[in-house]
Amino acid sequence: MLSKVVSTPPRCDTVAAGPITMRILVVEDEPRLLHNLAKALREEGYAVDTAENGEDGLFKAETYNYDAVVLDIMLPQLDGWGMLERLRKHKKTPVLMLTARDAHTDRVRGLDSGADDYLVKPFDLGELLARVRALIRRAAGQSRSNLQIGDVAIDTRNRTVTLAGQPVTLTAREYAILEYLALHRGEVVTRTDLYEHLFDESDDTLSNLLDVHIFSIRKKLGADLITTRRGQGYCIES
Ligand code: CA
């Protein structure tokens, strides 16, 4: 049982901290815990989808490309083990398992089944958030929280950006797009990818706005930072 929702750490007010960044799925059948987890993750800036049973969770995890899944083990219909096993046949989405017991066998089984990390209930919410951040960075091949692209430095922990050492104010969406492209540096990221990762299922934002955000990022951080690959998507060169 989660004891309390920790408050969001203070943020530098010269730089926008966004309500939207990566997209996460939380699968948990206990309503209060699910609510608290989703709330805390949203406050941290993630787009969050939820599922209350393993079947629904599996459907969503197979349908969308989440940046991470927080998965409870004891679930109705299909439990966390079953869901993970089936998901791993198709996808490598980072999964953080929530186990109710600190049983050694549970941990071993979790890691054997392809879980990337696990947390024993009751857990500290701050720790969960830190592990989710670490999972996402690891999955993107980044072990550090600072990303440097030429003169542009991105601090993914504090969600701040500097250009040649000077703070630059980005909107939430601009930051989210920049961080995602930076984490996938050297790869072409399609528009569909960006939408899937940056907007959750309750978001109906019009797709053509993406160009407006990219235009604005270039204006603030330099025209050469993000390359447009016509008909393919966007790319930050490695
Ligand atoms: Ca449960």
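For the structure, see preceding data.
We now turn to the structure provided with this report. (Residues numbered from 1 in each chain as written. Predicted model: local features only at pLDDT ≥ 70, side-chain atom pairs only at ≥ 80, totals over all residues. Heavy atoms only, no water.)

Concerning the side chain of Asp67
Part 1 of the reasoning: Its place among the elements puts Asp67 in the loop between helix H2 (54-63) and strand S3 (68-72).
Part 2 of the reasoning: For Asp67, which is buried and forms no salt bridge, the nearest opposite charge comes from Arg23, at a distance of 7.3 Å.
Part 3 of the reasoning: With near-sequence residues (within four places) excluded, Asp67 lies in contact with Met22, Arg23, Thr93, Pro94, Ile136, Tyr180 and His197. (Helix = DSSP H or I, 4+ residues; strand = E, 2+ residues; numbered from the N terminus. Buried < 20%, exposed > 50% of the residue type's maximum accessible area, 1.4 Å probe, protein only. Lys, Arg positive; Asp, Glu negative; His and termini not counted. Salt bridge = Lys/Arg side-chain N within 4 Å of Asp/Glu carboxyl O. Contact = heavy atoms within 4.5 Å.)

Remarks on the packing of helix H1 (residues 31-43) against helix H5 (residues 125-139)
Part 1 of the reasoning: The N-to-C vectors of H1 and H5 enclose an angle of 60°; their axes lie 11 Å apart at closest approach. Between H1 and H5, the crossing angle belongs to the class labelled oblique. The handedness of the crossing between H1 and H5 comes out as right-handed. For the pair H1 and H5, the contacting residues are Leu37, Ala40 and Leu41 in the first and Leu125, Leu128 and Leu129 in the second.
Part 2 of the reasoning: The class makeup of the residues in the contact of H1 with H5 is 6 nonpolar, no polar and no charged. (Axes fitted to C-alpha atoms, helices over the stretch in contact; angles between N-to-C directions. Parallel < 35°, antiparallel > 145°, perpendicular 65-115°, else oblique. Left-handed = near helix turned anticlockwise from the far one by under 90°. Nonpolar A, V, L, I, M, F, W, Y, C, P; charged D, E, K, R; others polar.)

Side note on the environment of Pro122
Part 1 of the reasoning: Tracing the backbone shows Pro122 in the loop between strand S5 (117-120) and H5.
Part 2 of the reasoning: Overall, Pro122 belongs to the exposed group, its relative accessible area being 61%.
Part 3 of the reasoning: Along the primary structure Pro122 and Thr99 are separated by 23 residues, whereas in three dimensions their C-alpha atoms are 8.9 Å apart.

Observations concerning H5
Part 1 of the reasoning: The end-to-end C-alpha distance of H5 is 21 Å, a good match for the 21 Å that 15 residues give at a rise of 1.5 Å each.
Part 2 of the reasoning: Those residues of H5 not exposed but buried are Leu125, Leu128, Leu129, Val132, Arg133, Leu135, Ile136 and Arg137.
Part 3 of the reasoning: Where H5 is buried, its residues touch strand S1 (23-27), H1, S3, strand S4 (95-99), S5 and helix H6 (172-183).
Part 4 of the reasoning: Two to three positions downstream of the cap, the backbone nitrogen of Gly126 sits 3.1 Å from a side-chain oxygen, assigning the N-cap of H5 to Asp124. (Expected span 1.5 Å × (residues − 1). Polar contact = N/O pair within 3.5 Å; in protein donor to acceptor, adjacent residues only side chain to side chain.)

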